[in-house]
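# Reading the structure
Here is how the chains run, residue by residue.
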Protein chains: 4
Amino acid sequence: MAYKDEKLHEEKVFKDPVHRYVHVRDRVIWDLIGTKEFQRLRRIKQLGTSFLTFHGAEHSRFNHSLGVYEIVRRILINFEDRPNWNHEERLLCLCAALLHDLGHGPFSHSFEKVFKLDHEDFTRAIILGDTEVNQVLTNISIEFPQKVADVINKTYHDKLVVSLISSQIDADRMDYLQRDAYFTGVSYGHFDMERILRVMRPVEDQVVIKESGMHAVEDYIMSRYQMYWQVYFHPVTRSAEVILTKILHRVKALYDGGYTFKVEPTPFVSFFKEEVSLEDYIKLDEAVVLYYFQMWSEEDDPILSDLAYRFINRRLFKYAEFNPNLQMNEWMELYQLFRDIDLDPDYYLVVDSSSDLPYDFYRPGEEEERLPIHLLMPNKELRELSRQSDIVEAISGKKRTDHKLYYPKDLIEKLPEDRPEKQQIKKILHKQES
Amino acid sequence: MAYKDEKLHEEKVFKDPVHRYVHVRDRVIWDLIGTKEFQRLRRIKQLGTSFLTFHGAEHSRFNHSLGVYEIVRRILINFEDRPNWNHEERLLCLCAALLHDLGHGPFSHSFEKVFKLDHEDFTRAIILGDTEVNQVLTNISIEFPQKVADVINKTYHDKLVVSLISSQIDADRMDYLQRDAYFTGVSYGHFDMERILRVMRPVEDQVVIKESGMHAVEDYIMSRYQMYWQVYFHPVTRSAEVILTKILHRVKALYDGGYTFKVEPTPFVSFFKEEVSLEDYIKLDEAVVLYYFQMWSEEDDPILSDLAYRFINRRLFKYAEFNPNLQMNEWMELYQLFRDIDLDPDYYLVVDSSSDLPYDFYRPGEEEERLPIHLLMPNKELRELSRQSDIVEAISGKKRTDHKLYYPKDLIEKLPEDRPEKQQIKKILHKQES
Amino acid sequence: MAYKDEKLHEEKVFKDPVHRYVHVRDRVIWDLIGTKEFQRLRRIKQLGTSFLTFHGAEHSRFNHSLGVYEIVRRILINFEDRPNWNHEERLLCLCAALLHDLGHGPFSHSFEKVFKLDHEDFTRAIILGDTEVNQVLTNISIEFPQKVADVINKTYHDKLVVSLISSQIDADRMDYLQRDAYFTGVSYGHFDMERILRVMRPVEDQVVIKESGMHAVEDYIMSRYQMYWQVYFHPVTRSAEVILTKILHRVKALYDGGYTFKVEPTPFVSFFKEEVSLEDYIKLDEAVVLYYFQMWSEEDDPILSDLAYRFINRRLFKYAEFNPNLQMNEWMELYQLFRDIDLDPDYYLVVDSSSDLPYDFYRPGEEEERLPIHLLMPNKELRELSRQSDIVEAISGKKRTDHKLYYPKDLIEKLPEDRPEKQQIKKILHKQES
Amino acid sequence: MAYKDEKLHEEKVFKDPVHRYVHVRDRVIWDLIGTKEFQRLRRIKQLGTSFLTFHGAEHSRFNHSLGVYEIVRRILINFEDRPNWNHEERLLCLCAALLHDLGHGPFSHSFEKVFKLDHEDFTRAIILGDTEVNQVLTNISIEFPQKVADVINKTYHDKLVVSLISSQIDADRMDYLQRDAYFTGVSYGHFDMERILRVMRPVEDQVVIKESGMHAVEDYIMSRYQMYWQVYFHPVTRSAEVILTKILHRVKALYDGGYTFKVEPTPFVSFFKEEVSLEDYIKLDEAVVLYYFQMWSEEDDPILSDLAYRFINRRLFKYAEFNPNLQMNEWMELYQLFRDIDLDPDYYLVVDSSSDLPYDFYRPGEEEERLPIHLLMPNKELRELSRQSDIVEAISGKKRTDHKLYYPKDLIEKLPEDRPEKQQIKKILHKQES
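Remember, it's a predicted structure, so these values are computed and weren't measured experimentally. (Residues numbered from 1 in each chain as written. Chains lettered and ligands numbered in written order. Predicted model: local features only at pLDDT ≥ 70, side-chain atom pairs only at ≥ 80, totals over all residues.)

## With respect to the overall build of chain A
A tally of regular secondary structure across chain A gives 23 helices and nine strands. Over its C-alpha atoms chain A spans a radius of gyration of 24 Å, differing by no more than 12% from the 22 Å that the globule rule assigns to 434 residues. The proportion of buried residues among the 434 residues of chain A is 50%. Long-range pairs, those at least 24 residues apart, make up 68% of the contacts in chain A with a sequence separation of at least 6. (Helix = DSSP H or I, 4+ residues; strand = E, 2+ residues; numbered from the N terminus. Rg over C-alpha atoms; globule rule 2.2 N^0.38 Å. Buried ≥ 20, exposed ≤ 12 C-beta atoms within 10 Å, placed from the backbone. Contact = placed C-beta atoms within 7 Å.)

Here it is as structure tokens:
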């Protein structure tokens, strides 16, 4: 029996709090889960710094990856009759679902920004490189790893396969909305996934939704909207991320400037040099980062030690609303005031912006070219969702952006009352504070 | 206004997936949560190695500590009419609830066993020592930290206060059963806590349960029973713990033997010497442990590197049932066989035992002297639970013990088929395997 | 002790699947629940004919009334500091909440339409008339029944009291959305009520929502929108209601025409005459209606017996989409065709329309003058919800109407294939069918 | 295509709050649900008088019957490989599951007791008689109705088929425990059905449980135990049932004695004569019963009108504990005292007993010969559950019985204080009261 047709002697199940059980029957899936590159996802939090806002949000990317796999597995049950559909295509979908986040590192967002990385490059590199994952995939066929990488990269020829893990209503999003809602404990993020799965239909190269399931999809889109603003863009989470990013900036600046660290930052050196090897990348998990943060909180450099101490002990920055169109003068004034009180504004006066597009129909050439959602009408025509749903039409294409100014309020408060800068800073910030 | 009466300007809430919200109104509680010793609990998993069995079980002790506080807060609402009850007693209960696990380190069970520590000593030390926690508590009164330590130590004069966090139906157990069930996703662990809280009554120096709530208590005891055997004593979790314990044993043995480590195990040195200072203890969080495990997986010592690699990448030991009364001969035979194949049986052939007493009425002098649960009968008499409940009577005092033999099946399988030891080992183990 | 201050010796609780427990401490509430007029609500379904679409929707108005009471009870906990707030005002809110639906009869909507009744008149009549409810209320004070009636009638001077049970976000709506979702089993209808209750603030004569709770309110409004279209206006439910209404029309027409019934329709006579006494009204519960429907299914009049048989045995009408602006010609054609085949179109060809306004700011003079929702901004200003929320703004004031044409498809199908009317009817209806 | 292989053009689903969705693909199932005999189950409450204790318990037997069908449908997915298993056997299981409660009438327990009926006889009669159900079943084959009746009657040759709907862990019990828990809102009744379904295996003529699922089964048995004592035998529910039974006793006695009723009790006459025809039986739904109870509450006979009034308006009897072994003297004394105060003790002093056997291994010849639960051990042996599970062993075969004495406390209280009987009655009852 070829490896690709190989079934486990007995089905394996994982107890999952979101989908109740994750079922594994194919040997390739079981073997992939056992690789060290996949196990590494246990040491990377799904929601980065969100656990400092929602204490339940301590779940890992391992968790989420199993969930996406399980959802795709359930979707595919409906696909058995699809023409030209075969067992290898099915495995391709399952493997891509399981591995789609494989290249994520700890606190990816900040690391990518500071060290100019892209986690998708590392996903590809792990799948195609000299890894246990690659070895397992190659057992299916010599071309199989490349196919999996293509699906994750959205360049695979069968767009339907791609759409299962990256479209406006894919398994990735359906899992993380529900999972993140479960672990944070918020009441948003719920929608009737069972119904959505039942009304999904493969039509040519896309997955469409039977019109009778439109309201379940509306609910999903509203959930997504609420999760973005209530959880993902929560200002406290962003405060922790601002600090984290500034730690990385500082440590890189110190390294570039020849600073002597008490503990050699060995695992970070290739990051500082922007020459990260796959091996180094894989080794850098959250434990390593947090270990170094603890070390750095005892460094001599006052900015590095203060920021690291803040992150470890959750002494976060406070924030004020900030409108970059109207308040640039005030920002410049603050910038100078922070200098005057010896708080380096490059580290201690930070504007952070978040924006979200709740749903959009396809506009070629734009940044996020996700395919729109199509409804399969009773008369077999396809109809773009926002043309049928009042609710979706109402929020469609409405990009919302939020800007906040983060700063260490505690340090301002500690200044003597008679320092004029203190009063000026407070006066400017007070206007925006919430 | 004295600090002890100080309320927050506005109530703070934490979103909690188990209790929906955790409410904080007292400034002392808010300040305690902000201390670095309490924030450290975020970096220690509630269930140690269980996340390797139940992938959802990644929640921290921070999580659980807030939950215990919240339950005690709700219980105390019923206590307002208790004679001689005052605001400071209330704060005492709340602080003890919040801080009862403060001295836990990473993977406490293994660390305590190998390095002969007791996390309760460290809880006391943090509360009474030179710490941020001590400083906050001292704001209430100079004797307050000692009182909190006494409650946690079960030596406080008012046994009712003690019983809130350590009895057979305390806030600690009620939180962890529900929380661990939630995060693992198992269907056990649920009971009607709201009802139990409503039927709790302070009677002299204990909390009793109105008889009308007996069935809710039965449900709680059954939940506890199921959680022990389904989750806490899961054989896979124990396998990971066996490996972890053996890593610590090995690294200590190497240190004692003068081995030169590639990376100096600085944070562990005082543990090896069994002279752990409070400061060293607090610094040792899970990130540090996992960082070193990764380092050790690259050490030259083959036992240390193998075990560390196994833990990090979840290559766990398999297990066989083992009856120490009947199978000592077989065990001795295996011990010799493992030596013959150069697998040190002290690290690779490990018996692990778990036992649980689902409920017991008080038997003075026994190890775990938890007070029994008393029902408040309609005629105002008290009646010990197992005398009223058939179910509880049925399982009362029945200690159940489970022994398993853990070993690296993969290494046995890798031996050449023609080695006689391989066949002999498999023959002995096959009989017990499951 | 005056009755109005009288507490029960021991708090009473009802186990409620939606709010977990309903708590009663005030004797007046306990006594009201025990009255026969309130117990009668057990014999009237909350959702009328919806149980024929959603088999779980068999819950009664008794259920819902307790739920509304419980929500108001919880809201009032936040109101203790309100100036001029006293114990009697509190009881007034609780009683009005409990009794707000007291005048509902079985399948109210149809009965009100056919017999030109208004259930609100009967609510008032029961509260003010010679009833057990009136007697209990009078124990509080002689003016108390009138006050309760005024609150329910929205004419009470303190508009804040009124708004608790009738505004765009009142206890009535919050209960029924959650309760109807629970019993039907749909995944809509959920929102974070606990959070909404925590952010409600009495400001002058209205209840406002702290701005930090805006997203929970958005979720509530979306739930409401989904429940209307997915549950309340479900086309199958409306089919049953169409039939029910036509039964009542028919039986009245027969009575007016001097028809001799096999079983005298005694309980309906005063309805036919449109001179319904309070006593007759109270006696007419769902059991009586269903008993007579069974009797009528055996009447000689073919229309009455057919319609009653259809209702009892769920042989409902099918439906087609219908646009009254475009399809009047077709409707007239169908009307004539139905006559030609001896199906009285007044009973067998029925247009039913539903429309809903998801949220509206106040427009004086319009039909449903519900007060808009105001947010309490951090700067203490009030701001109308749709001015702050993109989502609400998007759906605000958008009235959506749906028209359907109901008819007995089974009877059309039974016509011989060679009857030209059959083909013509099918041709017209086929175009709209779904 | 034969009717028995006929699939619906498109799968139909029912939204079910307990199982989320009920799926129907076979035309015979769809047609059975549409019959008037099955629709009639909508007018019969699943839990009889329990709604007077738990206001949520208003769900019908229609609800439950769909649920049992759905569970059997899911179990059968695992049975596809069973030898000699064919499509007709599958339909047989599904039809028997759907129809197993078809013969239940309103408040069956009381009706069966008073009129010496057995609902199982009527189930058979409906399946085999001149009914719509029989007609649909006959479409499968001429012998099919008899087979369905045999399965429900437990006489069918293939005991495995029988065991799906009547064994100690059948689809009937699994549905009602969960459903009744859901609608009452109690926290008992939950167990991991999904896991139980996954570990069920057909072995020869029984369904056994893989040993790895033992704990889920323990949980199910404990749920059952709790549901019996917390819900099904709730003393308030039994009070309502006592009254209901006495109404039926009274009305029969009056009829037998030639009493002239204000409203002729036509639908009951054949019950009084104990010559109930199938047609009469089917017509008697809950609406008819409740309609007559309302009529009877206005009858001249004081006992009948009082009891009927009590039931309709929930003026229930109170209860005292009663031990028939010890308290016969007291009971005889009370009996005489009730006579002395002109309260007929045959109607107003009622002993009610409930007893439950939580789990039993098979003891031939005993009343309830349900097959025990067998575990399928890893070595493929079968092992009776209580031999493997400590918990089940502990409660196995322990029959628990509860006796209560019901009486109208309100009428006793209304007696003048100086009547000696009043004090004597209160003295005797006070001792047992709770």
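## Digging into the interface of chain C and chain D
Each partner contributes to the interface: chain C provides 31 residues, whereas chain D provides 31 residues. At the level of elements, strand E1 (7-16), helix H2 (36-39), helix H3 (61-77), helix H10 (171-184) and helix H16 (286-296) of chain C are the ones that each hand at least two residues to the side of chain C that touches chain D. Partitioned by chemical class, the residues of the side of chain C that touches chain D number 13 nonpolar, 10 polar and eight charged. (Nonpolar A, V, L, I, M, F, W, Y, C, P; charged D, E, K, R; others polar.)

## A look at the environment of A:Leu117
Residues and elements named next belong to chain A. Relative to the assigned elements, leucine 117 resides in the loop between helix H5 (108-115) and helix H6 (119-128). Here leucine 117 falls in the partly exposed class, since 18 other C-beta atoms lie within 10 Å of it. Residues leucine 117 and glutamate 274, spaced 157 residues apart in sequence, show a C-alpha to C-alpha distance of 8.3 Å.

## So, the sheet that holds strand E8 (residues 382-384) of chain D
Residue and element names in this part refer to chain D. The mixed open sheet is built from four strands, whose spatial order is E3-E4-E7-E8. In the strand order of this sheet, the two ends are held by strand E3 (200-203) and E8, each with one partner. Adjacent strand axes in the sheet meet at a mean angle of 45°, parallel and antiparallel pairs treated alike. (Pairing = 2+ DSSP bridges. Axes fitted to C-alpha atoms, helices over the stretch in contact; angles between N-to-C directions.)

## Overview of the environment of A:Ile312
All names here are of chain A. Mapped onto the secondary structure, isoleucine 312 falls in helix H17 (residues 302-313). Judged by C-beta crowding, with 20 C-beta atoms within 10 Å, isoleucine 312 ranks as buried. Distance in space between the C-alpha atoms of isoleucine 312 and serine 297 is 8.2 Å, their sequence separation being 15 residues. In contact with isoleucine 312, other than residues within four places in its own chain, are Phe293, Gln294 and Ser297.

## Things to note about the pairing of strand E1 (residues 7-16) of chain A
All names here are of chain A. In this sheet, strand E2 (residues 20-26) lies alongside E1 in antiparallel orientation, the contact comprising six bridges. Within E2, the position partnered with valine 13 by the bridge is histidine 23. Adjacent in sequence and paired antiparallel, E1 and E2 are bridged by three residues.

## Quick look at the relation of the copies chain C and chain D
Note on the chain copies: they are related by a rotation about an axis and a translation along it. Once turned by 180° and shifted 0.0 Å along the axis, chain C lies on chain D with an RMSD of 0.0 Å. As the rotation angle and translation indicate, the two copies are arranged about a two-fold axis. The C-alpha atom lying nearest the rotation axis in chain C is that of C:Ala287; the distance is 2.1 Å. A share of 100% of the interface residues of chain C reappears at the interface of chain D, consistent with the copies meeting face to face through the same patch. (Least-squares fit on C-alpha atoms with pLDDT ≥ 70 in both.)

## A word on the domain arrangement of chain A
All names here are of chain A. Segmentation of chain A into domains returns domain 1 (3-232) and domain 2 (235-354 + 402-432). Counting residues at the interface gives 25 residues for domain 1 and 21 residues for domain 2. Going through the elements one at a time, H5 and H6 are the ones with two or more residues in the side of domain 1 that touches domain 2. Looking at the side of domain 1 that touches domain 2 element by element, the count peaks at six residues for H5. Across the side of domain 1 that touches domain 2, the residue classes break down as 11 nonpolar, eight polar and six charged. (Domains from an automatic or database assignment.)

## What about the sheet that holds strand E3 (residues 200-203) of chain A?
Residue and element names in this part refer to chain A. Pairing in this open sheet of four strands is mixed, and the strands run E3-E4-E7-E8 from one edge to the other. The strands lining the two open edges of the sheet, one partner per strand, are E3 and strand E8 (382-384). Across the sheet, the mean angle from the axis of one strand to that of its neighbour is 45°, orientation sign disregarded. In this sheet, strand E4 (residues 206-210) lies alongside E3 in antiparallel orientation, the contact comprising four bridges. Across the sheet, residue methionine 200 finds its bridge partner in E4, namely isoleucine 209.

## Structural notes on the packing of helix H6 (residues 119-128) of chain B against helix H8 (residues 144-152) of chain B
Residue and element names in this part refer to chain B. It is the contact of H6 with H8, at a shortest axis distance of 9 Å, that shows an interaxial angle of 165°. Between H6 and H8, the angle falls in the class roughly antiparallel. The two elements H6 and H8 cross, and the hand of that crossing is right-handed. Contact with H6, carried on its side by Thr123, Arg124, Ile127 and Leu128, involves Pro145, Gln146, Val148, Ala149 and Ile152 of H8 and no other residues of that element. For the contact of H6 with H8, the per-class residue count stands at six nonpolar, two polar and one charged. (Parallel < 35°, antiparallel > 145°, perpendicular 65-115°, else oblique. Left-handed = near helix turned anticlockwise from the far one by under 90°.)

## With respect to helix H5 (residues 108-115) of chain C
All names here are of chain C. Three or more residues of H5 are buried, namely Ser110, Phe111 and Val114. The arc that holds every buried residue of H5, seen down its axis, measures 95°, which confines them to one face. If you follow the buried residues of H5, they end up packed against helix H13 (235-256). (Arc of directions from axis to C-beta.)

## With respect to the environment of B:Ser386
By the secondary structure assignment, B:Ser386 is in helix H20 (residues 385-388). Separated by 11 residues in the primary sequence, B:Ser386 and B:Gly397 place their C-alpha atoms 9.8 Å from one another.

## A short note on the packing of helix H10 (residues 171-184) of chain B against helix H12 (residues 214-232) of chain B
Residue and element names in this part refer to chain B. Running from N to C, H10 and H12 point in directions that differ by 50°, and their axes come no closer than 11 Å. One way to sum up the angle between H10 and H12 is to call them oblique. The two elements H10 and H12 cross, and the hand of that crossing is left-handed. Across the interface between the two elements, Arg173, Leu177, Asp180, Ala181 and Thr184 from H10 touch Ser223, Arg224, Met227 and Val231 from H12. A class-by-class count of the residues in the contact of H10 with H12 yields four nonpolar, two polar and three charged.

## Concerning unusual backbone geometry
Unlike most non-glycine residues, B:Glu204 shows phi in positive territory, near 50°. Inspection of the secondary structure puts B:Glu204 in the loop between strand E3 (200-203) and strand E4 (206-210). For D:Glu274, which is not a glycine, the phi torsion comes out positive at approximately 50°.

## Side note on the confidence of the model for chain A
All names here are of chain A. Per-residue confidence for chain A averages 91 on the pLDDT scale, and 96% of its residues sit at or above 70. The low-confidence segment residues 363-367 (pLDDT under 50) makes one contact with residues lying over four places distant or belonging to another chain. Among the scores for the predicted complex, ipTM is 0.94 and pTM is 0.93. (pLDDT = per-residue confidence, 0-100.)

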